[in-house]
Amino acid sequence: MAEDQTLSSLEELAEVAENIAPEAPVYVQKLDEHGRAYATGKRKDAVARVWIKPGSGRITINGREFEKYFARPVLRLVLMQPVIAAERSDQYDVVATVSGGGLSGQAGAVRHGISKALTLFEPDLRPVLKKGGFLTRDSRVVERKKYGKAKARRSFQFSKR
């Protein structure tokens, strides 16, 4: 069919649509000049800048070992989820700087950053991490306080007197 010819029926449109198949996006490895993959992770008010490079599995957060920075085992588990899901626990060194929010939000931000950095370093891991939900930014944030209320929704105590 010629390019300048218009389609006159749905059958012709179906024929043209069959020939034009949507191509899946191709993800490529993105590294900096030091051979590291960089990504930013966010959760609540916390923002984490994460660099990963091939190594022995060492994780450093704000210059401290992650076992010392995140003392609670639950937070360490949250942090390690994408690495365990990708089965790369002793293959990459992770260096992260995180600021804002509390410890729980910071752990979620680092997890998000590690997941994104892993996909930049190894694009083949994307389906595994996507299926686990590690690449999606958790958009839940604290609701703002309203006027005339004690908190976002909590009213002041009622008294008849």
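Residues numbered from 1 in each chain as written. Predicted model: local features only at pLDDT ≥ 70, side-chain atom pairs only at ≥ 80, totals over all residues. Heavy atoms only, no water.

Colleague: Looking at this structure, how should I read the pattern of salt bridges?
Modeller: In a structure, side chains of opposite charge can pair up when their charged atoms sit close to one another. The tally for this structure, following the rule as stated, stands at seven salt bridges. Residues R140 and D138 are paired through a salt bridge, measuring 2.8 Å at the closest nitrogen-oxygen approach. Under the relative-accessibility criterion, R140 is labelled exposed at 56%. Looking at D138, the relative accessible area reads 24%, which means it is partly exposed. In this structure, the salt-bridge partner of K146 is E143, at a minimum N-O distance of 2.7 Å. Under the relative-accessibility criterion, K146 is labelled partly exposed at 25%. (Salt bridge = Lys/Arg side-chain N within 4 Å of Asp/Glu carboxyl O. Buried < 20%, exposed > 50% of the residue type's maximum accessible area, 1.4 Å probe, protein only.)

Colleague: Sorry if this is basic, but what is going on with the pairing of strand β5 (residues 92-99) here?
Modeller: Where a strand is regular, its side chains alternate between the two sheet faces. Inspection of the sheet shows strand β2 (residues 46-54) paired to β5 by eight bridges, in the antiparallel sense. Its bridge partner lying in β5, W51 is registered against V95. Of the pairings in the sheet, the one linking strand β3 (residues 59-61) to β5 comprises three bridges and is parallel in character. Bridge pairing links T60 to V95 in β5. (Pairing = 2+ DSSP bridges. Helix = DSSP H or I, 4+ residues; strand = E, 2+ residues; numbered from the N terminus.)

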